[in-house]
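# Examination of the molecular architecture
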Amino acid sequence: MKRLIKRPYIREMFRTTIQRGILLLFAACCCTSQAQDFSTYFTDRTLRLDYSLVGNAQQQAIALDELYSLPNWWGKRIHLSETPVEGNAQVKVFSTTGELIYKQSFSTLFQEWLSYPEAQTVNRSFEQVLLVPYPKDSVRIQVELYNNRREVMTQLSHIIHPSDILIHPIGETSVQPYRIIQQPKDSLHCVNIAFVAEGYQEHEMKTFLADVDTALVALFAHEPFKSNRDAFRIVAVESPSQDTGVSEPGNHLWRHTAVGSQFDTFYMPRYLTTLHMKQLHNTLAGIPYDHIIVLANTSHYGGGGILNFYNLSMTHHRLYKQVVVHEFGHSFAGLADEYAYENEQIPMYPHDVEPWEPNITTLVNFYSKWSDLIGQDPEAGLYEGAGYNTEGIYRPYFDCRMRTNENPEFCPVCRQAIQHVIDFYTKP
């Protein structure tokens, strides 16, 4: 049975961590990184880095595949050497003098797969695509993957020369048709979202655009998206598929689609993802994008969202609006799932390590989470059962958009986390 830790215990725990919190705050103030000027180090283009992530639960490696140059840069132009959340991985760009000039966090399907039994006995390879602003001079790229103890489990460091003749330019011609649905108030400091059509044939693009509209109505009905709508640029990419629908391996249905998505990821029927990251980013070449929402033309229930990777949702199920918003909580703000099932205990969060996700805690460093709400909001507390575990992991409110489809809103902790990411992209 899920339980709520009572406030007297919370206050006692809070007192025991207050000194640690003061020390952490002092350290953060002393280690504030110097702001980077975009034009000093980068041009208004994108360097696309394609990698293979390979290995198993015992041993992992990163291998460089290909390099591409794309027109324009659609990512962040401020806070270049910072990240709003830690993520399960990071890409870092260093100048020739060793200065950190760009950093971005992300998570991967590969790291998630490592928590499943198959990874104990099988080697697998996963595609990974990363985008960084195009450097003016030679730089060192460092990619780090972290284990579930927030330790580096593998990394790759390599030099990029921007004049390298083998960096392949793409996105200048043969760009997929797309529509600008919404322009932001500030075109340089905004959040760029591309909706991608998946499983829609040419004659179904009107349906796709209607599905985009439905998703936007749902997303911007939620705070803090609603209050920050003018911070977003929205485009809809009309990428046609050979077949209607998406693959359902559990039902022996395989379809040829724009980005090759499928249900039954890791043998979980409702988990809808694509493993074809190169195909996805090829589809987006030359289009304004930083965050990706793939809409799958199917009534089969499911979806998936991974931080700075993509959000993928079915469109023609009755829970479409709830799912696409929930998954964007994952892919945009790095929010964790707050649910747990007795028959689905996934060991992604060690109970002696504080998760980096802002909306769950193991109590190891609760001071860094929502301890400030205790005593201020009578509904805020420590509700046991989150992060796919019924015990040892806690969520801040009894219910939230990140816990159930029935709850109509993000809880205050999740709203605060989303606002933090929006501000990160839009405010100096």
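Cut-offs and rules
Residues numbered from 1 in each chain as written. Predicted model: local features only at pLDDT ≥ 70, side-chain atom pairs only at ≥ 80, totals over all residues. Heavy atoms only, no water. Pairing = 2+ DSSP bridges. Helix = DSSP H or I, 4+ residues; strand = E, 2+ residues; numbered from the N terminus. Axes fitted to C-alpha atoms, helices over the stretch in contact; angles between N-to-C directions. Expected span 1.5 Å × (residues − 1). Buried < 20%, exposed > 50% of the residue type's maximum accessible area, 1.4 Å probe, protein only. Core = buried A, V, L, I, M, F, W, Y, C linked by side-chain atoms within 4.5 Å. Contact = heavy atoms within 4.5 Å. Polar contact = N/O pair within 3.5 Å; in protein donor to acceptor, adjacent residues only side chain to side chain.

Another point: the sheet that holds strand 16 (residues 303-306). Ordered in space as 10-12-11-15-17-16, the 6 strands form an open sheet in which the pairing is mixed. The open sheet has two edge strands, strand 10 (178-182) and strand 16, and neither has a second partner. Averaged over neighbouring strand pairs, the angle between their axes works out to 20 degrees when direction is ignored. Bridge count for strand 11 (residues 191-198) against strand 15 (residues 291-296) is 6 bridges, and the pairing is parallel. Residue pairing for strand 15: V196 is matched across the bridge by V294.

To continue, consider helix 7 (residues 412-426). Between its terminal C-alpha atoms helix 7 stretches 21 Å, which fits the 21 Å expected from 15 residues at 1.5 Å a residue. All buried positions along helix 7 are accounted for by V413, C414, A417, I418, V421, I422, F424, Y425 and T426.

With 68 residues, the main nonpolar core has L49, I141 and L280 as its most contacted residues. Considering each element in turn, this core owes the most residues, 6 residues, to strand 6 (residues 124-135). Among all residues touching L49, those that are not within four sequence positions of it are E66, L67, Q128, V129, L130, V132, I141, H158 and I160.

A separate point is the pairing of strand 6. Here strand 6 lies mainly inside the structure; 9 of its 12 residues are buried. Pairing of strand 2 (residues 42-55) with strand 6 involves 12 bridges; the strand directions are antiparallel. When the sheet's bridge partners are listed, V54 is paired in strand 6 with S125.

Turning to the side chain of K92, a few remarks are in order. Along the chain, K92 falls in strand 4 (residues 89-94). By relative accessible area, K92 is classed as buried at 17%. A polar atom in the side chain of K92 sits 3.2 Å from the side chain of E144. Other than its neighbours up to four places away in sequence, K92 contacts L100, Y102, K103, R140, I141, Q142, E144 and Y146.

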